[in-house]
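Each chain is listed here by its residues.
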Amino acid sequence: MKRNRGRYQNDEAKQEKKAAKRKYMSYEDVPLEDYRDEEPMPENLTKRFLKMFLILFLSVVAVLALMNIEKLTPDNIAHWFQYDLLGKSEGDGYPTGFSGSAVNNGNFDLISGVPVYCSDTSIAVLNNNAGVYQDEQHSYAAPVLSVNGGYAIVYNLNATGFTVLKRDSIVYSSSVKQKILSADVSSNGIYGILTRSDDYLAKLTVYRTDNLEKYTYSFADYYMNKVSVNKDGSRAVLTGVSARNGGLISVIYVLDFTQDNYMQKYEVDDTFIYDIRFLDNGNAFAVGNNKSFYININDGGKTDIGYDSRTLTAYTIKRDQGAVLSLSYNPDGRECDIVSFNKDGSRDSEISTGKKIISLDMRGNERAILCPDSIIVYDREGSVKGTSAADTDARKIVYCDYNTFYVLGKSRISRLYAE
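Here the structure is a predicted model, which is why all the values come from computation and not from measurement. (Residues numbered from 1 in each chain as written. Predicted model: local features only at pLDDT ≥ 70, side-chain atom pairs only at ≥ 80, totals over all residues. Heavy atoms only, no water.)

A. Region of interest: the environment of Ala124. In this structure, Ala124 sits in strand E4 (residues 122-126). Overall, Ala124 belongs to the buried group, its relative accessible area being 1%. As a C-alpha pair, Ala124 and Gln134 span ten residues in sequence and 5.4 Å in three-dimensional space. Apart from residues lying up to four places away in sequence, Ala124 is in contact with Pro115, Val116, Tyr117, Gln134 and Asp135. (Helix = DSSP H or I, 4+ residues; strand = E, 2+ residues; numbered from the N terminus. Buried < 20%, exposed > 50% of the residue type's maximum accessible area, 1.4 Å probe, protein only. Contact = heavy atoms within 4.5 Å.)

B. Structural context of the pattern of salt bridges. Enumeration according to the criterion identifies 18 salt bridges in this entry. Its salt-bridge partner being Asp210, residue Arg208 comes within 2.6 Å of it at the nearest N-O pair. Asp210 gets classed as partly exposed once you look at its relative accessible area, which sits at 40%. Taken together, the shared-partner salt bridges connect Asp308, Arg310, Asp337, Arg347 and Glu350 into one network. (Salt bridge = Lys/Arg side-chain N within 4 Å of Asp/Glu carboxyl O.)

C. The arrangement of the sheet that holds strand E25 (residues 347-355) in detail. Overall, antiparallel pairing links the four strands, which are arranged E22-E23-E24-E25 in an open sheet. One side of each edge strand has no neighbouring strand; the edge strands of this open sheet are strand E22 (311-318) and E25. Averaged over all neighbouring strand pairs, the angle between strand axes comes to 15°, with direction disregarded. In this structure, E22 lies alongside strand E23 (residues 322-328), joined through seven bridges in antiparallel fashion. (Pairing = 2+ DSSP bridges. Axes fitted to C-alpha atoms, helices over the stretch in contact; angles between N-to-C directions.)

D. Unusual backbone geometry, seen in detail. Put simply, Tyr94 and Pro95 share a cis peptide bond, and its omega is 0°. For Pro95, the location among the structural elements is in the loop between helix H3 (74-85) and strand E1 (96-97). The residue Asn158 is not glycine, and still its phi comes out positive at about 60°. With respect to the element layout, Asn158 can be found in the loop between strand E7 (151-156) and strand E8 (161-166). The partly exposed category is assigned to Asn158, whose relative accessible area is 39%.

E. Focus on the pairing of strand E5 (residues 132-137). Pairing geometry for E4 and E5, over five bridges, is antiparallel. If you follow Leu126 over to E5, its bridge partner there is Val132.

F. Region of the structure containing the pairing of strand E32 (residues 412-417). Bridge analysis of E1 against E32 gives two bridges, and the strand direction is antiparallel. From the neighbouring strand, Thr96 faces E32, where its bridge partner is Ile413. Of the pairings in the sheet, the one linking strand E31 (residues 404-408) to E32 comprises five bridges and is antiparallel in character. Pairing of Phe405 across the sheet is with Leu416, part of E32. Between E31 and E32, which follow one another and run antiparallel, lie three residues.

G. Molecular detail of the sheet that holds strand E27 (residues 366-370). Pairing in this open sheet of four strands is antiparallel, and the strands run E26-E27-E28-E29 from one edge to the other. Only two strands of the sheet have a single neighbouring strand rather than two, namely strand E26 (359-363) and strand E29 (384-389). Neighbour-to-neighbour, the strand axes of the sheet open up by a mean angle of 15°, direction not taken into account.

H. Spotlight on the packing of aromatic side chains. Evaluation of the coordinates by the stated rule reveals 13 aromatic pairs. Centre to centre, the rings of Tyr215 and Phe257 are 4.9 Å apart; their planes meet at 40°, and the pair counts as tilted. Taken together, the residues span a long stretch of sequence, with Tyr215 in strand E13 (residues 213-219) and Phe257 in the loop between strand E16 (247-256) and strand E17 (264-269) at a distance of 42 residues. The class of Tyr215 is buried, set by a relative accessible area of 8%. Owing to a relative accessible area of 10%, Phe257 belongs among the buried residues under this scheme. In textbook terms, an aromatic cluster arises when at least three aromatic residues are bridged by ring pairs, as seen for Tyr217, Phe219, Tyr222, Tyr253 and Tyr262. (Phe/Tyr/Trp six-rings, centres within 6.5 Å; stacked < 30°, edge-to-face > 60°.)

Following this line, the structure appears as structure tokens:
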């Protein structure tokens, strides 16, 4: 018995010795602070990970910023935060009706890439999903809309009221003393208003972004009817008409706001000029009833563009690209040809469509036409790149993306894709 007791004592001593070498006897017997690992994660590992993530994130942001440097304005950033991030304007998708009972073809365009229209009662801007950025009532009897990039101006033709707006807000609304003949705005908010005058046949007044007068010029020899302001608000081109020897004569003026006299003046016999616009490269394109004109303002040259006995049925002047015309050999406008010009004035495409063209637009290599029941997209060589059915009351198309269009109808606006 003594021998066994001694053996048990030895075994207990051995077990106590082994237990002493172990870290813990039991989790219940160990304080919580002692549960920590013997080799914890290095303290700087999390900091290094966060630092690498931050560098990667800032690199991506920098690349995106460089790719979109021209769009990173305070207005665009505020717009993104309010409307895209916070969802201030969501929309139910296209097609959508518009405020008012009628929208003229010329009063439908894009401002900062989204639809803007002026109806008989409202000035409205929509987003890509038909949400309403703004919808302002007006009292203009004959509203006319003109857009340049992120700015637009609506004026009351043969009256005195006008409104300057951006995508998200009305910038300024007021009136002038004389009746308005035409108006336009630059892409930085400087605007010009062509009016009648007590002492002259017409007068151009240019206003700064703070709405103070910047420049004036009066016209004594021609009845002026159209004005376009260039991209940075430093020059204007205007057209007017008069009579000479029993015939019609049109004129094109080029004005620089730092000069008292006109820069250039061109007279054109037997042509009525419908429209003229400054292009973003600093030159101008004018469309007339029987010919068009490219004005190279830098060298003072004028290029006449004849229609080869064809009738003009539709046209679009794109400030950032050039112009595209629809010309037909038939008086009723059937079997039209598309003729387009780049912003340097060179003819870059001529396509025989065999279709009646109601409206047309251009974007890069694409030329699109609206026919009575469809949209057809061509490349410069005349190959069909896409088609889409269109409402029978569709009246105007404007490009919004590759093969994608906003379409103005009699009572609603649609968004269609040609495939």
